[in-house]
Amino acid sequence: MEKPGIRPGSLVRHGPLTGVARLCLVLAVLFFALTVCPALEADVSIVPDEVETGRPFLMRILAYPSEPADTSLEIEGLPGTFEPGASSKEKRMTEQSWAVGSERMAATLFSREWTPTEPGDFSIGPLVLRSGEEELRLPPVQVRVVRPPDEGVARLFWSLSGNGPDGSGGTGEFAKTGGVSGTRVRLSLNAQFSGSLIAVRCPAPEGGLLETVATGKAGLSSRGAEAVQVAVYDWTPLESGSRRLPDAVLEYATIDGVESRLSSEPRSVIVREGKKTEYFAEGARAKTTPKALAAAFDDAPQAPSSSPSVAGTGAFAVPPSLDGAGEDTVLLEAKRYWLEEKRGSSLARLRAAEYADYFPMRYRAARLEAEKALGLDDAPSVPAAAWKHPSVFGSIFLLVAALSTVFFRRGYRGPAAGLFLLSVALAAFSVYLYVEDSRPAAVVVSGDLFHVPDASSRVVETLPEGSVVGVHRSADGWAYVRTERSLFGWMKDNQFIIYTRGDAKR
Amino acid sequence: MAKGLRAFKLSLLASLALIVCSGCDGSPRDSLALLSGFFSWTTQDWPSATETFLEMAGAAEDAQDVYLHDYAQYALAATYLSQDEYDSALARLSEISEEAPSEIRAGVWYQAGLIAYRKEDYERAAGLFRKSLEIRPDAIDAKINLELSRRSGIVRETAKAGGMPGISESGDTGADEELIFNLIRRKEQERWKNQESDRDPSSVMDH
């Protein structure tokens, strides 16, 4: 019979003490695990909190416990719009309160710098940290990149198809060749502001149709650094010539919560004359166009068949009155200027003739046609200055006649009173003419209206060729003028032609 | 900046007044034109002032009168600067000859300093105000603006180096500017008092 005993290799069991020994063993293992070889962990932070385009930011990854020598960082995914900057790996001592028996431990601080070039939401990572044989995989870090605030800039402007984002290019087909009356053009309304959008308003302009394609929703925010599109319209100019784009207004709340308004920057484009059917020949849209709109096209001037406009150059047809100039030297000269595309000179010649002539009906008719072709329907009239002196002399003569009738022929009081009234009327007419002709007037040939007499100063307005300005002051080759829209500014004296006989220097 | 602006207006006014007084050496017609332009300038009738000074500049060129030309260019620059046309003002200032009277030359540097300050180029502004002071050491406006430029430059550098985004230091700047102003004013007053007290004994002795 086998004697009971201890088999070699087997655990000695001591009854109730066996459980305590197990517990001690587990605690010892845990203690060792916590104090001697804790698991690899990491903290990730982004500095600064708000990441902006064009400004570098730091991502810091603190891996612990680890020694820089045997710790590495791998970033598996990085946005292409992040330009890398400086990077570093440093040893740090970090305090971990939960670590039993050890208050400070070695850590590795990774710093990575990037400069984002585009705004948006991006993710960096996943991040893989390796320390010795340990590997820690961190999920991607989300970064929101915003544009830096630029509260100083606030503008609202139109851009045509093909223009640059700042709206200043004008390289689009429309800007190159000019639009065609009756043909729809897509206009984009862009704004640069700091705050959130409240509303966009754009009333229908004169001489054109406006259809809303899309408008920005209320609350659309902008940081002001770059323009954002706030609305898109289809604009159909109904008249040819230089046409002003619609006047839009944007209401927005600034970052401080203050409500503010922006008006669109004035901008004009050349619109060539088109066939009135062009607008209606665009499929389904023609069916939905109100009949009342067709009347708008009936009044549009038609290009004469004898001298068609030159497509693609923005040229205008010769007005019929100029075309049939005959032997009239003024009209011939005006026509020559017109054909040389010197519209301002042509109009100045016609206005000068109208100003000087006693019966200038033919010049007036030609001028009005030419101005209509250029879209300058509201141009001021030309004072009948030729009648200034005759009206004064006539008034004096009638007054003398009336007085002599009263003194020398006492029975003719009735006719004398009539002569006196006529004299007063003529005197009033002469006063009107002198007032009308008190300042020199000029036709703009080209160029901008400057804030001060210097070509590098701000441009108040770009005046279309053929528009009329009143010359208020002139000195040293510059003139202070007033436009039809009551804007004041300085122009070089070769930018306009004075057509009145005022005291202007040119 | 508000203080700086006030100093700017006052200084321009003082400069123009100085020019008008010193310009009286020329022909009566020129002096009258200068006076007319000066009055237009003080009433902020910019077109009229510009026209007058432009005519003066043209007449000076025709007569090849360098002094009158310099006065006219300076006055035009002051007029443009008042309308915030910095580049145009600089263009006029650059046409002033180096032989111009000291008050004009000091004014040129001063105005150029103002333009640099407005363009937030504080370091350059400080340098320009300093140059103005080298010509006219008693110009208090140039002193004030020199200190302001230095202060603004330091504030910006500090914000660049250690400032966190979103923290505005503009609230402190106004107080600092006020402090600088008061300090400079006090020093000036003390200097004047000292001059007065120095002068007193001699005047007694004279009598």
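Thresholds, definitions, all that
Note on numbering: residues in each chain are counted from 1, in written sequence order. Labels are handed out in written order, letters beginning with A for the chains and numbers beginning with 1 for the ligands. For a predicted model such as this one, the threshold for reporting local features is a pLDDT of at least 70, and the threshold for listing and counting side-chain atom pairs is 80 or more; totals across whole chains, interfaces and linings nevertheless cover every residue. Numbering of helices and strands starts at the N terminus; helices are DSSP runs of H or I of at least 4 residues and strands are runs of E of at least 2. As a rule, residues whose C-beta atom has 12 or fewer other C-beta atoms within 10 Å are exposed, those with 20 or more are buried, and those in between are partly exposed; C-beta atoms are placed from the backbone. Any two residues are considered in contact once their C-beta atoms, placed from the backbone, lie within 7 Å. Following DSSP output, two strands are said to pair if at least two bridges run between them. Residue-level confidence of the predictor, termed pLDDT, takes values from 0 up to 100. Take the number of residues in a helix, subtract one, and multiply by 1.5 Å to get its expected span. Only the stretch in contact is used when a helix axis is fitted, and all axes are lines through C-alpha atoms; the angle between N-to-C directions ranges over 0 to 180 degrees. An angle counts as roughly parallel when it lies under 35 degrees, as roughly antiparallel when it exceeds 145, as roughly perpendicular when it falls between 65 and 115, and as oblique in every other case. By definition, turning the near helix anticlockwise from the far helix through less than a right angle yields a left-handed crossing, and turning it clockwise yields a right-handed one. The classification used treats Ala, Val, Leu, Ile, Met, Phe, Trp, Tyr, Cys and Pro as nonpolar, Asp, Glu, Lys and Arg as charged, and all other residues, Gly among them, as polar.

Each helix and strand in chain A was counted, giving ten helices and 28 strands. Buried positions account for 31% of the 506 residues belonging to chain A.

Okay, the overall build of chain B next. Each helix and strand in chain B was counted, giving nine helices and zero strands. Counting from the amino terminus, chain B carries its helices and strands in the arrangement α-α-α-α-α-α-α-α-α. Counting all 207 residues of chain B, 37% fall into the buried class. Intrachain contacts of chain B at a sequence separation of at least 6 include 51% that bridge at least 24 residues.

Another point: the environment of alanine 77 of chain B. All names here are of chain B. By secondary structure assignment, the location of alanine 77 is in helix α4 (residues 66–82). Judged by local crowding, alanine 77 falls into the buried class, with 28 C-beta atoms found within 10 Å. Along the sequence, alanine 77 and serine 88 sit eleven residues apart, while their C-alpha atoms lie 7.3 Å from each other. Ignoring any residue separated from it by four or fewer positions in sequence, one finds alanine 77 in contact with Ala89, Arg92, Leu93 and Gln111.

Another point: the sheet that holds strand β10 (residues 141–146) of chain A. Strand pairs in the sheet, formed through backbone hydrogen bonds, run parallel or antiparallel to each other. All names here are of chain A. If you walk across this open sheet you meet the three strands as β2-β10-β7, and the pairing is mixed. A strand with exactly one partner marks an edge of an open sheet, and here the two such strands are β2 (51–52) and β7 (120–124). Relative to β10, β7 is paired through five bridges, and the arrangement is antiparallel. Each bridged residue has a counterpart across the sheet, and for isoleucine 124 the counterpart in β10 is valine 141.

So, on to the pairing of strand β25 (residues 468–475) of chain A. Side chains on a regular strand alternate between the two faces of the sheet. Residues and elements named next belong to chain A. Most of β25 sits out of view: seven of its eight residues are buried. Where strand β22 (residues 441–444) meets β25, three bridges bridge the pair, whose relative direction is antiparallel. Along β25, the bridge assignment pairs valine 443 with valine 468. Between β25 and the antiparallel strand that follows it, strand β26 (residues 478–482), lie two residues; aspartate 476 among them carries a positive phi value of about 50°.

Okay, the confidence of the model for chain A next. Residues and elements named next belong to chain A. For chain A, per-residue confidence averages 75 on the pLDDT scale, and residues scoring 70 or more make up 75% of the total. Confidence drops under a pLDDT of 50 for residues 162–172, and excluding neighbours within four residues, the segment shows 19 contacts in the predicted structure. The low-confidence segment residues 502–506 (pLDDT under 50) makes ten contacts with residues lying over four places distant or belonging to another chain.

Another point: the interface of chain B and chain A. Contact with chain B, which involves 15 residues of that partner, is made by 14 residues of chain A. For the side of chain B that touches chain A, the secondary structure elements donating two or more residues are α3 (46–63) and α5 (86–93) of chain B. Ranked by the residues each element gives to the side of chain B that touches chain A, the list is headed by α3 of chain B, at seven residues.

What follows concerns helix α6 (residues 102–118) of chain B. Taking 1.5 Å of rise per residue, the 17 residues of α6 of chain B would be expected to cover 24 Å, and the 24 Å separating its terminal C-alpha atoms lies within 8% of that figure. Among the 17 residues of α6 of chain B, 14 are classified as buried, and the element is accordingly described as predominantly covered.

Moving on to the packing of helix α7 (residues 343–356) of chain A against helix α8 (residues 361–373) of chain A. All names here are of chain A. Interaxial distance between α7 and α8 falls to 9 Å at its minimum, and their mutual angle equals 150°. With respect to α8, the element α7 is oriented roughly antiparallel. Read as a crossing pair, α7 and α8 show a hand that is left-handed. On the side of α7, the interface is formed by Ser346, Leu347, Leu350, Arg351, Ala353 and Glu354, while α8 contributes Tyr363, Arg364, Ala366, Arg367, Ala370 and Glu371. The residue inventory of the contact of α7 with α8, partitioned by class, reads six nonpolar, one polar and five charged.

Residues and elements named next belong to chain A. Taken in spatial order, the three strands line up as β4-β8-β9 in an open sheet, and their pairing is antiparallel. The open sheet terminates on both sides in strands that have one partner only, identified here as β4 (71–75) and β9 (134–138). The sheet shows a mean angle of 15° between the axes of neighbouring strands, taken without regard to direction.

A cis amide bond links valine 47 of chain A to the next residue, proline 48 of chain A, at an omega of -5°. Topologically, proline 48 of chain A is positioned in the loop between β1 (41–47) and β2. The linkage connecting tyrosine 64 of chain A with the following residue, proline 65 of chain A, adopts the cis geometry, with an omega of -15°. Even without a glycine there, the phi angle at glutamate 120 of chain B is positive, about 65°.

Residue and element names in this part refer to chain B. Within chain B, residue pLDDT values average 75, and 64% of them lie at 70 or more. Of the regions scoring below 50 in pLDDT, residues 1–7 engages in eight contacts with residues more than four places distant in sequence or in other chains. Overall fold confidence (pTM) sits at 0.50, and the ipTM for the predicted complex is 0.70.

Let us now look at the packing of helix α6 (residues 329–339) of chain A against α7 of chain A. Residues and elements named next belong to chain A. Close contact between α6 and α7 brings their axes to 7 Å; oriented N to C, the two are set at 165°. When the interaxial angle is binned, α6 and α7 end up roughly antiparallel. Viewed along their axes, α6 and α7 form a crossing whose handedness is left-handed. Between α6 and α7, the residues in contact are Val330, Glu333, Ala334, Tyr337 and Trp338 and Arg343, Ser345, Ser346, Arg349, Leu350 and Ala353, respectively. Here the contact of α6 with α7 is built from residues that sort into six nonpolar, two polar and three charged.

Before going further, it helps to examine the pairing of strand β27 (residues 488–492) of chain A. For β26 of chain A and β27 of chain A, the ladder comprises five bridges, and the chain directions are antiparallel. Residue pairing in the sheet places alanine 479 of chain A in a bridge with methionine 491 of chain A of β27 of chain A.

So, about the environment of serine 222 of chain A. All names here are of chain A. Looking at the secondary structure, you find serine 222 in strand β16 (residues 221–223). Among the residues examined, serine 222 registers 22 C-beta atoms within 10 Å and is labelled buried. Here the alpha-carbon distance between serine 222 and alanine 191, two residues 31 residues apart in the chain, equals 8.6 Å. Apart from the residues within four sequence positions on either side, serine 222 is in contact with Ala191, Phe193, Ser194, Gly195 and Val228.

Below, the discussion takes up the environment of alanine 91 of chain B. Looking at the secondary structure, you find alanine 91 of chain B in helix α5. Excluding anything up to four places from it in sequence, alanine 91 of chain B contacts Asp454 and Ser456 of chain A.

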